[in-house]
Every structure is written in structure tokens, then in C-alpha cells.
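# Topology and contacts: notes
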Amino acid sequence: MLRSSTTWVVPVALTVISFGSNFPSAIAQTQYPFESTYNSQTTLTPITENVLRIKSLGENVDAPYGLTRLTNISYGKLNPNTGVIAIEPDPAEFGLENLPFGNLTISGQGEDRLFGTVSGSAILDFPNSVGRVTNTISITSGAGRFSGATGTLLLLENLTLDNPDITAPVRGLPLISGSFQTFQTVPEPSQITALLCMGVIGFSGLNRRRSYEKKTKYSQAHSGT
């Protein structure tokens, strides 16, 4: 009987697997809340009279998910009358051609990374030696466990402007907060369960039928004794 049962288990299992390979897929979403303050240094490099290349480097060894390092390249246009810098990742927004698109990377020791772009504004009040940065980080992709990540983070930073030279490195503590998400394609669990149940029920019915037939033959064979 063990050999007979095994003979039936194999086709039933293969049938379930065969149907399972054609299941419609569902999208599972994993949400990652994020909040971290980075020790940063930002350098403004003039490209034209009022257009700047902005480079920021940041670090926080206690950042969530091991994302301890931040690197950002973007572009800004300074209004000398107000001290406001409009910030965009695309240099073409400021009439600059043949320059690389800006980008942001938040990374750690392993392969986990977030990629995105930064846009927003900064106010540099040199007479009062203070500044304020309000940026939106658009997460467009990722690597490692954050592959395919998307989301929006807000960057807020208060600056102390000790040097009136706009090209002097500025240290700050940008707070980055918000959330991002990743998506993964998985089979529909309800359909898997249904087909597994069908397979088990079918196998159980066949097994009972064969057992009944054996008992019937046995009874018939010994009915005359």
C-alpha cells in the first residue's frame, strides 16, 4: 500500500506545482519609516555667475537600516538680492548643458542603498550668519534589500554661516524624515491554498476508494468459508 500511495502522491504534487506556476501574482509592499540626522558638510562651487554646483557629504553611524552615509550632488541658482537658492537635480533647469544629472545616494557598509534626487531651496542670510534648507528627496530606486525602492523624504537643515565666502564649506545637521517602500511579486496565497486543498482532497478520496475495493475483494474471497 505504501508503494501504491507514493504512486498517487507524485502526480498530485506535480499537478499542484504545474497549476502553481501559472498563478496570477500579487504585489507585496514593505514600508520603511525613516528618520535620521546626519553630520554634513556642503560645498558650493560657482559654475556661472549665479549658478552653483552643490555637493553634500553626511554621516551618522546610528542611522536606520545601516544607511550611515549620504552623498548628494545637485545644482542651485542664487538670487543675490534675497539670498535664496533654488535647488534642482537637472542642470538644464538653469540653462546648463552637457553636465551630469544630480543624484543622491544613501548607503552603508553592505550592498543596501537608496538612490534619488534632491530639489527645493535654501536661504543664505550672510548678514545674520544663518541659513535654512528645505529640500524634498525623491527616492527613485535602490539596491540590496531596497531594490526598486520608491518614496519621498523631507530634508530640513539650519545653518550657521561663519564665513561670508559662499564657497567656504558649511557644516550642518540635516534632519531627513519620511518613508520609502519596496515591492515584491508573490503568488496569490488564497489560490495556492485552494489548489493544495484540492490536491489533498483528491488524493484522500482515491486512497479511500482503493482501500474500500481491497476490503470488498477480501470479503468476497472469504465469504464462502
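Below you will find a few notes about this structure. (Residues numbered from 1 in each chain as written. Predicted model: local features only at pLDDT ≥ 70, side-chain atom pairs only at ≥ 80, totals over all residues. Heavy atoms only, no water.)

Across its full length, the chain carries 2 helices and 11 strands. Secondary structure of the chain in N-to-C order comes out as α-β-β-β-β-β-β-β-β-β-β-β-α. Expressed as a percentage of its 225 residues, the buried residues of the chain come to 31%. For the chain, the proportion of contacts with a sequence separation of at least 24, taken over those separated by at least 6, is 62%. Counting only carbon and sulfur atoms, one obtains 56% of the accessible surface of the chain, whose full area is about 13,600 Å². (Helix = DSSP H or I, 4+ residues; strand = E, 2+ residues; numbered from the N terminus. Buried < 20%, exposed > 50% of the residue type's maximum accessible area, 1.4 Å probe, protein only. Contact = heavy atoms within 4.5 Å. Areas by Shrake-Rupley, 256 points an atom, 1.4 Å probe, with all protein chains shown as cover.)

Once that is clear, we can look at the pairing of strand β2 (residues 39-46). With 8 bridges connecting them, β2 and strand β3 (residues 51-59) associate as antiparallel partners. Its bridge partner lying in β3, Ser40 is registered against Gly58. Connecting β2 to the antiparallel partner β3 that follows it, the hairpin turn spans 4 residues. Inspection of the sheet shows β2 paired to strand β10 (residues 170-172) by 3 bridges, in the antiparallel sense. Bridging across to β10, Thr42 finds its partner in Val170. (Pairing = 2+ DSSP bridges.)

With that settled, the discussion passes to unusual backbone geometry. Its identity as a non-glycine residue notwithstanding, Tyr65 has a phi of 60°, on the positive side. Relative to the helices and strands, Tyr65 resides in the loop between β3 and β4 (69-79). Even without being a glycine, Asn98 presents a positive backbone phi close to 60°. Mapped onto the fold, Asn98 is located in the loop between β5 (84-88) and β6 (103-107). Since its relative accessible area comes to 81%, Asn98 is described here as exposed.

Here the focus is the pattern of salt bridges. Per the counting criterion, the structure on display carries 1 salt bridge. When the shortest N-O distance is used, the salt bridge between Asp112 and Arg145 registers 2.7 Å. Taken together, the residues span a long stretch of sequence, with Asp112 in the loop between β6 and β7 (113-125) and Arg145 in the loop between β8 (130-143) and β9 (150-160) at a distance of 33 residues. Residue classification places Arg145 among the partly exposed residues on the basis of a relative accessible area of 44%. (Salt bridge = Lys/Arg side-chain N within 4 Å of Asp/Glu carboxyl O.)

Attention shifts here to the side chain of Asp112. At 2.7 Å, the side chain of Asp112 forms a polar contact with the side chain of Arg145. Excluding residues that lie within four positions of it along the chain, Asp112 makes contacts with Leu67, Ile106, Ser107, Ala143, Gly144, Arg145 and Phe146. (Polar contact = N/O pair within 3.5 Å; in protein donor to acceptor, adjacent residues only side chain to side chain.)

This part covers the environment of Ala86. Counting through the fold element by element, Ala86 comes out in strand β5. The partly exposed category is assigned to Ala86, whose relative accessible area is 36%. With sequence-adjacent residues up to four places away left out, Ala86 is seen in contact with Tyr75, Gly76, Lys77, Phe94 and Gly120.

Attention shifts here to the packing of aromatic side chains. The geometry of an aromatic ring pair comes down to the distance between the two centres and the angle between the two planes. As enumerated under the stated definition, the model contains 8 aromatic pairs in all. Residues Tyr32 and Phe146 carry aromatic rings whose centres are separated by 5.1 Å and whose planes lie at 85° to one another, so their mutual orientation is edge-to-face. One end of the pair, Tyr32, is in strand β1 (residues 25-37); the other, Phe146, is in the loop between β8 and β9, and 114 residues separate them in sequence. One exposure class covers both Tyr32 and Phe146, and it is buried. Members of the aromatic cluster, connected to one another through ring pairs, are Tyr32, Phe34, Tyr65, Phe146 and Phe180. (Phe/Tyr/Trp six-rings, centres within 6.5 Å; stacked < 30°, edge-to-face > 60°.)

Relative to the helices and strands, Asn60 is located in the loop between β3 and β4. From its side chain, Asn60 meets the backbone oxygen of Thr37 in a polar contact 2.9 Å long. Look past the residues within four positions of Asn60 in its chain and what remains in contact with it is Ser36, Thr37, Tyr38 and Thr68.

Let us look at the pairing of β9. Of the two faces of β9, the one holding Gly151, Leu153, Leu155, Glu157 and Leu159 is buried and the one holding Thr150, Thr152, Leu154, Leu156, Asn158 and Thr160 is not buried anywhere. Bridge count between β8 and β9: 10 bridges; the pairing is antiparallel. Each bridged residue has a counterpart across the sheet, and for Thr136 the counterpart in β9 is Leu154. In sequence, β8 turns back onto β9 through a hairpin of 6 residues, with Gly144 there showing a positive phi of about 65°.

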